[in-house]
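Listed here are the chains, written in short residue letters.
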Amino acid sequence: MSLADLVLAVVWNLATLPGIAAVLIAGLIYRWLSQNKYKLPPGPPGLPLIGNVLDFRGSTLTKKTLEWKGKYGDVIHYKMGFRRWVVISSIEALEEAYLQRGHDFASKPHVPSLASFSEDCNNIAFAPYSEALRYRRKVAMQAMRQFLTGSQHTERIHQVVQTAVSNLSAQKGSFDPHRFFSHVIFNLIHDLCFGYTLDVDDPNYVRLLSIFDNSNLQLVSFWEDAFPILLYWPTRRFQEATRIVEETRAYIKKHIDQRQKQFREDKLENLIDNIFLAQKVVVEGEDETLKAGFTDLHTRNIIRDIFFAGIATSRQTLDWIFLVLAANQKAQNKIHEEIDKATGGAVPGREHRTDLVYTETVIMEVMRLYPVVPMGLPHETMCDTQVGGYDVPAKTVILVNQYAIMRDPRHWDNPEVFKPERFLEENGTKVRTRLQSWIPFSIGPRNCIGEFLARQNLLYSVVGLLQQLHFDLAPENPQPDMTPEDTWFDLRPRPYKLVVTRRA
Ligand code: HEM
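Residues numbered from 1 in each chain as written. Predicted model: local features only at pLDDT ≥ 70, side-chain atom pairs only at ≥ 80, totals over all residues. Heavy atoms only, no water.

The name an unreviewed UniProt entry assigns to the protein is Cytochrome P450, from the organism Candidula unifasciata.

What follows is the structure in structure tokens.
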């Protein structure tokens, strides 16, 4: 650098530094004034710039926000960096937000960890609300339904369950059943998406299971989400998450590419084929907005959503169901009786469903006590709006504490107690369908698209397994710790062991 350049740089810096500082201060004052025009929900005081980030040290989202609910009420607000977050913890406030003002609350935040997972939010679960997103939801639901109608689906469940029965009954003494329960759900979704299943020892299953087991810890990046500027110097955890995302993306893409070569419109064999067909209809149509919102990129990410959301959630629910049943022998025996009476030993199918009432209520009760997505998925407000008498500015991130809502003593009698009968109609012969505070699949325009599939898979897997097997707690641990292991996003049982025997 010449002397002239140096003098110029010094003069420029002296002239501009105060200017930059003035702009920054003006920005902060503007921000403060514009925030003060809102009547925000109450919440914990935060630090300048970082907000409440440090409050989460040594805690989790569910635990911390439960604590704040006790202190500040059903609708609270806090800050992570510059982002404002609101947590809803009562069914009344949730209905107001997600049903009455559903559109206002229906978008998704653009957060680095979610964007990295979904090729920049071009999927369903993390995509902003739009006509194209609504269309992708509709297509995915229709594609799933194609495979759920008819007896073919329950026949497929039966085959997957038979493999699990052999694997489980081959184990000697007490053992951790987690990889076998996960295998049931994994294969049901793998088969739905790609048309074939994997053995429990297949290296692809073993690797994907380990990713699923660790993903909630690895794939949710904390610092980058609060401070996106860190993406220029990503933490090691974020880099590792990106690597895992790439690995799983390659697995899905391999199947999609293979299928694309074999695709025949008149011979739809699996979910991918159905989604290809829906994409073809859009591409041949006239609607340019839909075309832009349903490219190959979107197709890949729809399948990826179904694969991940479908497996991650139901497998943990299955873990919970069998832990609860092993700990409640009375309930397990009642299910055994119900299944024997309803099926008479035949392969469980749709024709038996109305007689499997108690089994269904057990599943619902487990999902109430142990919601595996305890804080839902984050939403974002599309405009300035309101909930519970407070203002919620546009672009606020919204979470729902499902755990709190489904244990709210104002709506549930003895909420901490396992009581499946609470889901029975008065006369005790039917499952109650309208239960305001039962929300494991959320409500409103962004509710879970897989509820129908998940409930079928869970019911027929549980029935198939209990038709042939009995589950006891390991004698060395007759009183397992039932408090959930709460990770950042999910609520899983602590590792446990069972003894499995074939029923006579
Ligand atoms: C026990 C099983 C399941 C539970 C408890 C569950 C729960 C949830 C919850 C709480 C949400 C967030 C809703 C919201 O943001 O308000 C969600 C969203 C979603 N779920 Fe599920 N789910 C399950 C199974 C499935 C299955 C089997 C699939 C697909 C095959 C699936 C696909 C999705 C997708 C794509 C979304 C995002 C919807 C959107 O953002 O528009 N889920 N699920």
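Don't stop here, the text continues.
The next thing to look at is the overall build of the protein. From N to C terminus, the protein includes 17 helices and 10 strands. At 25 Å, the protein has a C-alpha radius of gyration in line with the 23 Å of a compact globule built from 504 residues. Considering only C-alpha atoms, the protein reaches an extent of 95 × 55 × 45 Å along its principal axes. Counting the 504 residues in the protein, one finds 53% classified as buried. For the protein, long-range pairs separated by at least 24 residues make up 74% of all intrachain contacts whose partners lie at least 6 apart in sequence. Counting only carbon and sulfur atoms, one obtains 57% of the accessible surface of the protein, whose full area is about 23300 Å². Positive and negative side-chain charges of the protein, numbering 58 and 58 respectively, have mean locations separated by a distance of 2 Å. (Helix = DSSP H or I, 4+ residues; strand = E, 2+ residues; numbered from the N terminus. Rg over C-alpha atoms; globule rule 2.2 N^0.38 Å. Buried < 20%, exposed > 50% of the residue type's maximum accessible area, 1.4 Å probe, protein only. Contact = heavy atoms within 4.5 Å. Areas by Shrake-Rupley, 256 points an atom, 1.4 Å probe, with all protein chains shown as cover. Lys, Arg positive; Asp, Glu negative; His and termini not counted. Charge placed at Lys NZ, Arg CZ, Asp CG, Glu CD.)

Applying the stated rule across the entire model yields 26 aromatic pairs. A ring pair is formed by W68 and Y78, whose centres lie 5.2 Å apart and whose planes are at 50°; its orientation type is tilted. Placement of the pair is W68 in helix α2 (residues 61-72) and Y78 in strand β1 (residues 75-80), with a sequence separation of 10 residues. Y78 shares its class with W68; the two are buried. Measuring from centroid to centroid gives 6.4 Å for F194 and Y251, while their planes differ by 75°, and the two rings are edge-to-face. Separated by 57 residues along the polypeptide, F194 in helix α7 (residues 178-194) and Y251 in helix α10 (residues 236-262) bring together distant segments of the chain. Each of the two residues, F194 as well as Y251, counts as buried. (Phe/Tyr/Trp six-rings, centres within 6.5 Å; stacked < 30°, edge-to-face > 60°.)

So, about the sheet that holds strand β6 (residues 397-400). Across the sheet, which stays open at both edges, the 4 strands sit in the order β1-β2-β6-β3 with mixed pairing between neighbours. Two strands lie at the open edges of the sheet, namely β1 and β3 (379-380), each paired on one side alone. Summarising the sheet, β3 and β6 pair through 2 bridges and their orientation is antiparallel. Bridge assignment links E380 to a residue of β6, and that residue is V397. (Pairing = 2+ DSSP bridges.)

Attention now moves to the UniProt feature "binding site: heme" (unreviewed entry) in the protein. Cross-referencing UniProt, the feature "binding site: heme" (unreviewed entry) maps to C448 in the present numbering. Residue position: C448 is located in the loop between α16 (402-405) and α17 (451-468). (UniProt positions renumbered as here; feature names shortened; annotations may be inferred.)

Each α-helix turn comprises 3.6 residues. Residues three or four places apart therefore point the same way. Compared with the 39 Å implied by 1.5 Å per residue over 27 residues, the 40 Å span of α10 between its first and last C-alpha is a close match. Among all positions in α10, only F238, A241, I244, V245, T248, R249, Y251, I252, H255, I256 and R259 are buried. (Expected span 1.5 Å × (residues − 1).)

Burial along β6 is two-sided: the face carrying V397 and L399 and the face carrying I398 and V400 are both buried. Both strand β2 (residues 83-88) and β6 contribute to a ladder of 4 bridges, which runs parallel. By the bridge assignment for β6, V86 is matched with I398.

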